[in-house]
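The chain contents come next:
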Amino acid sequence: MVSVLKDIQQDLRVRCRDVRVSEPLAPHVAFRIGGPADVLVIPADMGELRAVIGYLLGRVFPFAVLGRGSNVLIADRGVRGVVLKIGRGVDRVTFDGARVIAESGTYLPHLAALAATRGLSGLEFSAGIPASVGGAVVMNAGAHGHSMSDIVARVRVLTPEGERDIAGADLGFAYRTSILQAGPAVVLEAELHLRPEDPDAVRERMEAWLRQRNETQPVGPPSSGCIFRNPPGDHAGRLIDLAGCKGLHVGDARVSDVHANYILNSGAASAGDVLALAAQVRQRVRAQFGVELVLEIKLLGEFDDAAA
Ligand SMILES: Cc1cc2nc3c(=O)[nH]c(=O)nc-3n(C[C@H](O)[C@H](O)[C@H](O)COP(=O)(O)OP(=O)(O)OC[C@H]3O[C@@H](n4cnc5c(N)ncnc54)[C@H](O)[C@@H]3O)c2cc1C
């Protein structure tokens, strides 16, 4: 494995300027938790991204994809092999009337602000979601009764069979999921269809939703957003609150007092702390309501089998 990785590092350096060895992943994810990647590759633009993915798929070498890292928990032991981070640089945006094509690393709140300035409605819900466009499509990110599935017309992906377009209608969108979660497709860009509207109305709606978010969700300590999926017809946060979990903590991982479905990293929490706390929360909710909560965050790296 070590000599294969050495070869791969060298080959990757020919294709990408930013290849890091034994790179701690905590600074690259919203939770600020996690051990090192054997190799972290950060393409500077779409050309480098295509070259890196083409190479890894060609060698049939497994790799993990990270967008803005806002919905992942990285293992304390880190991630073996290659992690590909898609963000800054892979973020070109092209407007054509109400149609927008955004590269997968585009920061979603930035795209929402650009659309609002142009008087284009449809992305207001996303202004407070710290995602990349690629990660938001894969997760079908949403808020305020809207989600990416409302606006995604098409995505371009790279798969072992090559590059192809998939229509939004064929992405299997449902609550916080899409067929893209099954891998191994990497999202290169997304085409979104927005609606022309008065720019002030779009901006006002976006600001009102941001205010509402700031009043009802914790701002400040690192987190990965909601930790559990909402069970059908209910809210995980409501059940966790009623089960008396607010303020519960394991090490520096703590259930938020503001929104019970958030686990915060209030200092130096480990992934182990987060999962131990999540297990306690699950157990209390199961005991009180008979509801089995399911993690919304994605686990990345070397976890024990029981972790998920
Ligand atoms: C403070 C906070 C608030 C949040 N609020 C919300 C909210 O209101 N609504 C909501 O839905 N979510 C919310 N989230 C969660 C998170 O922002 C979303 O799930 C988002 O879609 C993740 O995007 P990302 O780019 O950070 O993806 P990551 O977390 O980096 O990755 C998520 C998954 O997508 C995959 N992936 C990422 N990019 C690609 C790509 N280009 N190609 C293929 N696979 C890819 C990864 O492998 C991983 O499996 C919040 C998170 C935080 C920290």
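Remember, it's a predicted structure, so these values are computed and weren't measured experimentally. Per chain, residues are indexed from 1 in the order of the written sequence. Given that this is a predicted model, residues contribute local features only at a pLDDT of at least 70 and side-chain atom pairs are listed and counted only at 80 or more, while totals for whole chains, interfaces and linings are drawn from all residues. The side-chain values count all of the structure's non-hydrogen atoms but skip hydrogen atoms and water molecules.

*Asks:* Hey, could you go over the site of the ligand for me, with residue numbers and the actual values?
*Replies:* Residues in contact with the ligand amount to 33 residues; listed here are only the nearest, Val65, Gly67, Ser70, Ser132 and Arg213. Two N or O atoms count as a polar contact when they lie within 3.5 Å, although within protein this holds only if one can serve as hydrogen donor and the other as acceptor, and sequence-adjacent residues are included solely when both atoms are side-chain atoms. Between Gly135 and the ligand, the recorded distance is 3.2 Å, taken from a backbone N or O atom to an oxygen atom. Gly142 is positioned such that a nitrogen or oxygen atom in its backbone is 2.7 Å from a nitrogen atom of the ligand. All accessible areas in this document rest on Shrake-Rupley with a 1.4 Å probe, and a residue is counted as covered only by the protein chains that are shown. Surface burial for the ligand is 90%, taken as the share of its 970 Å² of free accessible area covered by protein chains. Numbering of helices and strands runs from the N terminus, with a helix taken as a DSSP run of H or I at least four residues long and a strand as a DSSP run of E at least two residues long. Breaking the shell around the ligand down by element, the ones donating at least two residues are strand S3 (63-66), helix H4 (133-139), strand S9 (142-143), strand S13 (186-193) and strand S15 (223-226). Among the elements that take part in the shell around the ligand, H4 stands out by supplying five residues, more than any other. Residues of the shell around the ligand, tallied by class, amount to 17 nonpolar, twelve polar and four charged. For each residue, the test is whether any non-hydrogen atom lies within 4 Å of the molecule or strand; if one does, the residue is near. Under the grouping applied here, Gly and all other residues not named as nonpolar or charged are polar, the nonpolar ones being Ala, Val, Leu, Ile, Met, Phe, Trp, Tyr, Cys and Pro and the charged ones Asp, Glu, Lys and Arg.

*Asks:* Give a detailed account of the sheet that holds S13, specifying residues and quantitative values.
*Replies:* Here, any two strands with at least 2 DSSP bridges between them count as paired. Reading across from one edge, S6-S7-S13-S11-S12 is the order of the five strands in this open sheet, with antiparallel pairing throughout. Of all strands in the sheet, those with a lone pairing partner are strand S6 (93-96) and strand S12 (162-167), marking the two edges. Sheet twist, expressed as the mean angle between neighbouring strand axes with direction ignored, is 15°. Where S6 lies against strand S7 (residues 99-103), four bridges are found, and the strand directions are antiparallel. The partner of Asp96 across the bridge, within S7, is Arg99. The sheet strands contacting helix H3 (residues 108-117) are S6, S7 and S13, and the helix crosses S6 at an angle near 25°. Here an axis means a line fitted to C-alpha atoms, over the contact stretch when the element is a helix, while the angle between two N-to-C directions is reported on a 0 to 180 degree scale. The contact rule is simple, with two residues in contact once any of their heavy atoms fall within 4.5 Å.

*Asks:* Outline the sheet that holds strand S18 (residues 262-265), supporting the account with residue identities and numerical values.
*Replies:* Spatial ordering of the open sheet is given by S15-S18-S17-S16, a layout of four strands whose pairing is antiparallel. The sheet is open, and its two edges are formed by S15 and strand S16 (249-250), each paired on a single side. As paired strands, S16 and strand S17 (residues 253-255) are joined by two bridges and run antiparallel to one another. Counterpart to Val250 in the pairing with S17 is Ala253.

*Asks:* Could you give an account of the side chain of Ser70, naming the residues involved and the relevant values?
*Replies:* Among the structural elements, Ser70 can be located in the loop between S3 and strand S4 (72-74). When near neighbours in sequence (up to four residues on either side) are disregarded, Ser70 contacts Ala30, Pro130, Ala131, Ser224 and Gly225.

*Asks:* Hey, could you go over the environment of Arg15 for me, with residue numbers and the actual values?
*Replies:* Considering the arrangement of structural elements, one finds Arg15 in helix H1 (residues 2-15). Think of it in three bands: residues with accessible area under 20% of the maximum for their type are buried, residues over 50% are exposed, and the middle band is partly exposed, with areas taken using a 1.4 Å probe on protein chains only. Judged by its relative accessible area of 31%, Arg15 is partly exposed. Spatially, the C-alpha atoms of Arg15 and Pro109 are 30 Å apart, while their sequence positions differ by 94 residues. A polar contact is formed between the side chain of Arg15 and the backbone oxygen of Asp11, at a distance of 2.8 Å.

*Asks:* Give me the domain arrangement of the chain: which residues, what numbers.
*Replies:* What counts as a domain boundary in this text is fixed by an automatic or database domain assignment. For the chain, the assigned domains are domain 1 (2-85), domain 2 (93-202) and domain 3 (219-307). Just the C-alpha atoms count here: the centres of domain 2 and domain 3 sit 27 Å apart. The partner domain 3 presents four residues to the four residues of domain 2 that form the contact. We count a salt bridge whenever a side-chain nitrogen from Lys or Arg sits within 4 Å of a carboxyl oxygen from Asp or Glu. If you look at where domain 2 meets domain 3, you find zero salt bridges. Connecting domain 2 to domain 3 are three residue pairs in polar contact (both at pLDDT 80 or more).

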